[in-house]
Amino acid sequence: MKGKELFYMTHMKLIVPLLLSAIIVMIGSCQQGESTDHFGITKTASAINKPVTDNTHPGMIWIPGGDFAQGGDNEQASEDEYPKHHVTLNGYWIDETEVTNAEFARFVKETGYITVAQKKPDWNEIKKQLPSGTPKPDDSLLVASSLVFKAPPSEVSLNDYSQWWQWEKGADWNHPQGPKSDIKGKDDYPVVQVTWIDAQAYARWAGKRLPTEAEWEFAARGGLKNNIYPWGNESVNLGDPKANFWQGHFPDKNILQDKFYLSAPVKSFPANGYGLYDMAGNVWEWCEDLYNINYYKEVKNGVTNPTGPSKSFDPEEPNASKRVLRGGSFLCNDTYCSGYRVARRMKSSEDSSMEHLGFRCVSIK
Ligand SMILES: [Ca+2]
């Protein structure tokens, strides 16, 4: 369908909810400026200090350079999160929140930009991403559209995402749930229904760029090490709601412990140790890098300022050029994608837009 693949969640097996037994215990002694809490999480000095901001970078936070171990931290990690490997990064500025509707509206107003979802799909471009011989969809489907979440009335197989994603004519960033929806009163919600191509255009206009996958994960870890989530290792399902995700039975029943069925205004949940909001849940965030399932194997011996693989490769759709997505969304839970884990990798083709897909930007200037 239009090269806008329905967001393959490649590892759909049911995962046992995270228990204390899964907590990774920090091995080794702390260095100066670090402390260890009762979950075995090591806090660095940078995570304890208040966020570094300045008035030349409004809405951004300085992430000091450093090094970390990138990759999976618990048994929920999938194949592409291994091997865990050493990464060194220079410092960078990163948006403290996902780009909001108000910010994207300003970009559109100043530039007249039209997003991918607002244009009629070009079959000649789409078919390059599909296996040869894929038949052309009916013309009724080749109209400006995007993917909208529609909960099924009852339990469905988690292997069939078409039961909760609908190709909706007229859905776009200004109408996230379809032509009858709008974003009035939602200035501070994250913009969604934007493709990687659209996110690139916004970032250029803003004088920024998308984060690399390594920059995104380092920032999400919030100055902690060996942490499963931005806040540490306490299960996402325990204590006060820590992020906007799906509680209950996905995708048919949401018991709304976190109060939000779909996306939430940015800053609705506590920031991580760097002062960054919604690094878990709310909406998936585009990264700069191409997605390649084997990339971590290529850099297993360590890497400095990585910019991702030179070629995209997803065995499920080998012809599609895919980019990395991070952070999970309001649709994530432990039975499905556990996307709120800091190491969780997701991917989608560059021209995909969905109701739970947004971005934030970085800058090194
Ligand atoms: Ca929620």
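Attention in this report is confined to the structure presented alongside it. (Residues numbered from 1 in each chain as written. Predicted model: local features only at pLDDT ≥ 70, side-chain atom pairs only at ≥ 80, totals over all residues.)

Concerning the overall build of the chain
A tally of helices and strands in the chain yields 6 helices and 17 strands. For the chain, the residues scored as buried account for 48% of the 365 residues in total. A separation of at least 24 residues holds for 73% of the contacts in the chain among residues at least 6 apart in sequence. (Helix = DSSP H or I, 4+ residues; strand = E, 2+ residues; numbered from the N terminus. Buried ≥ 20, exposed ≤ 12 C-beta atoms within 10 Å, placed from the backbone. Contact = placed C-beta atoms within 7 Å.)

Observations regarding the nonpolar core
Membership of the largest hydrophobic core comes to 70 residues, with the highest contact counts inside it found for Ile94, Ala199 and Ala219. For this core, the secondary structure elements donating two or more residues are β3 (60-63), β5 (85-89), β6 (92-95), β7 (145-149), α4 (196-205), α5 (213-221), β12 (284-290) and β14 (322-326). The dominant element in this core, judged by the number of residues it contributes, is α5, at 5 residues. Apart from residues lying up to four places away in sequence, Ala219 is in contact with Ile63, Ile94, Tyr274, Leu276 and Met279. (Core = buried A, V, L, I, M, F, W, Y, C linked by C-beta atoms within 7 Å.)

Thoughts on the sheet that holds β3
Read from one edge to the other, the open sheet built from 3 strands follows the order β3-β6-β17, with strand pairing classed as antiparallel. Each edge of the open sheet carries a strand with a single partner, namely β3 and β17 (362-363). Relative to β17, β6 runs antiparallel, the two sharing 2 bridges. Bridged to Trp93 within β17 is Ser363. (Pairing = 2+ DSSP bridges.)

Considerations on the sheet that holds strand β4 (residues 66-70)
Strand order in the open sheet formed by 3 strands is β4-β5-β13, with mixed pairing between adjacent strands. Taken across any chain shown, the strands that pair with only one partner, and hence form the sheet edges, are β4 and β13 (303-304). In this sheet, β13 lies alongside β5 in parallel orientation, the contact comprising 2 bridges. Considered in β13, the bridge of Val87 is made with Val303.

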